[in-house]
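# Secondary and tertiary structure notes
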Amino acid sequence: MSQPLRLSPDKTGIARASALLKDGALVALPTETVYGLGADARNDRAVAEIFSAKGRPSFNPLIVHLPDVEAVRSYVEWTDTAEILASAFWPGALTLVLPLRPDSGIAPLVTAGLSTVAVRVPAHPLAQALLRAFGGPVAAPSANRSGQISPTTADHVERSLGGRVAAILDGGPCPVGLESTIVDASEAGAPCLLRPGGIPAEALEQALGHPLEIRDGSEAISAPGQLRSHYAPAETVRLNATEWREGEATLGFGPVSADLNLSPAGDLTEAAANLFGHLHALDETGRPIAVSPVPMHGLGCAINDRLSRAAAPRD
Ligand code: TXA
Ligand code: MG
């Protein structure tokens, strides 16, 4: 299979990426969270290609990316919760699930037939530039084969997807390093956290002025992507390790000696940015991976969520 085009992060690269999207091709694009595998969200065939490139079960709906709130509002029914959260956190690492307008033109495969759609306004300057050049909605899951570790560099994308993607817009490493936080804001008054992510739940609750409901990922439709085994390296992953065992590839947090460290200073933002890159690197050693405990607050909740899925029993 031929390798994807590498597009440079400049006007030419953005114009080429936009032209490919208009042609119905798949383009990997950097966002502040992780690289996305983008396609024109109105093009059924292009969206179907996302699922086949990822090897993803087709019941799993995708996030639609748009350049600003005005663009988002032309596709969804807006709610008070959406207004509060969008003004506080967009552009940024937040995805809102909202009722889809019947005349939206979004391909049904994007929402997997649900009456709601997940929407996000990314902050990354290249994602912004591409969305504006393209001028339409871009459906994009993380740019990796289904179940594998999420990509935070163009090399990760190329290794996972190879020629299944036409081009990769290379924006260097993703600064946040964890997927967006997903909130169901579709019903008046009861916003619900569907996936912890790049924006800590505490920050959302502060903006809302009340606690978020948390919907269990095991529930049928709530967060169909929240499969228990996900982000999985080839070998096993052992969590909350306080000592290392013979033969393990070790991932520290805080002042411990390890092969790689998420953040020697114990900084959760730094740890989030390093998480997937370090997992990719340790995965390449072919050894089982052991990971230090990571505290369960702020971004630590999303980091532990991804780690526990990486460690979950595989089917
Ligand atoms: O940071 C991110 O969110 C990245 C970048 C590329 O934007 N994207 C990403 O997409 O993580 P993906 O496909 O890996 O995760 C999308 C999640 C899935 O868990 C899916 O179930 C959920 O969004 N989702 C999408 N539409 C939904 C809906 N209508 N209701 C509930 N959950 C939905
Ligand atoms: Mg993913």
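Nothing here was measured: the structure is a model prediction, and the numbers come from that model.

### Structural notes on the domain arrangement of the protein chain
- Parsing the protein chain into structural domains produces domain 1 (5–214) and domain 2 (237–311).
- On a C-alpha basis, the centres of domain 1 and domain 2 stand 26 Å from each other.
- Of the residues lining the interface, 17 residues belong to domain 1; the matching set on domain 2 comes to 16 residues.
- Along the lines of polarity and charge, the residues of the side of domain 1 that touches domain 2 split into 9 nonpolar, 7 polar and 1 charged.

### With respect to helix α1 (residues 11–22)
- End to end, α1 covers 16 Å across 12 residues, agreeing with the expected 16 Å (1.5 Å per residue, within 8%).
- Residues of α1 that are buried include every one of Gly13, Ile14, Ala17, Ser18, Leu20 and Leu21, and no others. Along the axis of α1, the buried residues cluster in a sector spanning 160°; they form a single face. Residues of α1 that are exposed and point more than 90 degrees away from the buried face comprise Lys11 and Thr12.
- Of the surrounding elements, those touching the buried residues of α1 are β1 (5–7), β2 (27–29), β3 (36–40), α6 (125–134), β7 (138–139) and β8 (167–169).
- Gly24 sits one or two positions beyond α1 and adopts a positive phi of about 90°.

Quick notes on the rules
- Sequence positions are assigned chain by chain, starting from 1 and proceeding in written order.
- To label them, take the chains in the order written and letter them from A, then take the ligands in the order written and number them from 1.
- Where totals are concerned, whole chains, interfaces and linings use all residues; where local detail is concerned, this predicted model gives features only for residues with pLDDT of at least 70, and gives and counts side-chain atom pairs only at 80 or more.
- The split of the chain into domains comes from an automatic or database domain assignment.
- Residue pairs qualify as contacts under a 7 Å threshold applied to their C-beta atoms, which are placed from the backbone.
- Under the scheme applied here, ten amino acids are nonpolar (Ala, Val, Leu, Ile, Met, Phe, Trp, Tyr, Cys and Pro), four are charged (Asp, Glu, Lys and Arg), and all others, including Gly, are polar.
- What counts as a helix is a DSSP run of H or I of at least four residues, what counts as a strand is a run of E of at least two, and both are numbered from the N terminus.
- A helix's residues, less one, multiplied by 1.5 Å, set its expected span.
- Backbone-placed C-beta atoms define the burial measure: a residue is buried with 20 or more other C-beta atoms within 10 Å of its own, exposed with 12 or fewer, and partly exposed in between.
- Working definition: the arc comes from the directions between the helix axis and the C-beta atoms, pointing outward to the latter.

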